[in-house]
Amino acid sequence: MVKVLIDTCVLVDHLNGRPEAHAEIASHVHPAISRLTWMEVLAGAPDHAIAATRRYLDGYEVVEIGESVAEIAASIRRNSDIGLGDALTMACARAIGGVLVTRNKAVFTDADPAVRIPYE
């Protein structure tokens, strides 16, 4: 079973009712999210939905941004032009030995075997 890390854009699509995002997330047994995605989703939630959003996010394994993830992100930044937030997200996927599920084609390519772009 391949471990996956769901990027913010896919998670937000799912929360907004996009069927492709729902199908993608549902196809994975235990998808993870980064702490950065957790923060972005919670920050974007309307005030009346904060508690429900927290409960929803509790259903995911959250990959923390500790020293090992920071080291991986720093290496990604040194060797590419990827911004810090995207480097942290990719570092979280790498830290769990997983595939990043995103639709961010401006930064990532599915030619990379560690990236999955399931829809546009």
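Values in this document were obtained by computation on a predicted structure and should not be read as measured data.

The next subject is helix H3 (residues 35-44). For H3, every residue scored as buried is listed here: Leu36, Thr37, Trp38, Val41 and Leu42. Buried positions along H3 lie against strand S1 (4-6), helix H1 (8-15), strand S2 (32-34), helix H4 (50-57), strand S3 (61-63) and helix H6 (84-95).

We now examine the environment of leucine 42. In this fold, leucine 42 is placed in helix H3. Once the C-alpha coordinates of leucine 42 and threonine 53 are considered, the two residues, 11 residues apart in sequence, prove to be 6.6 Å apart. Leave out the neighbours within four places in its chain, and leucine 42 touches Ile50, Thr53, Arg54 and Leu57.

Tracing the sequence through the fold places glutamate 24 in helix H2 (residues 19-26). Taking relative accessible area as the criterion, glutamate 24 reaches 5% and is therefore assigned buried. A polar contact of 2.7 Å, which involves the side chain of glutamate 24, links it to the side chain of histidine 28. Leave out the neighbours within four places in its chain, and glutamate 24 touches Val101, Arg116 and Pro118.

With that settled, consider the pattern of salt bridges. In total, this model carries seven salt bridges according to the counting rule given. Arginine 18 is paired through a salt bridge with aspartate 13; the nearest N and O atoms lie 3.7 Å apart. Exposure remark for arginine 18: the relative accessible area of 23% places this residue in the partly exposed category. For the salt bridge of glutamate 24 with arginine 116, the shortest nitrogen-to-oxygen distance reads 2.7 Å. With a gap of 92 residues between them, glutamate 24 in helix H2 and arginine 116 in strand S5 (residues 115-116) connect regions that are remote in the sequence. Given the relative accessible area of 37%, arginine 116 is considered partly exposed.

What counts, and where the lines are drawn
Residues numbered from 1 in each chain as written. Predicted model: local features only at pLDDT ≥ 70, side-chain atom pairs only at ≥ 80, totals over all residues. Heavy atoms only, no water. Buried < 20%, exposed > 50% of the residue type's maximum accessible area, 1.4 Å probe, protein only. Helix = DSSP H or I, 4+ residues; strand = E, 2+ residues; numbered from the N terminus. Contact = heavy atoms within 4.5 Å. Polar contact = N/O pair within 3.5 Å; in protein donor to acceptor, adjacent residues only side chain to side chain. Salt bridge = Lys/Arg side-chain N within 4 Å of Asp/Glu carboxyl O.

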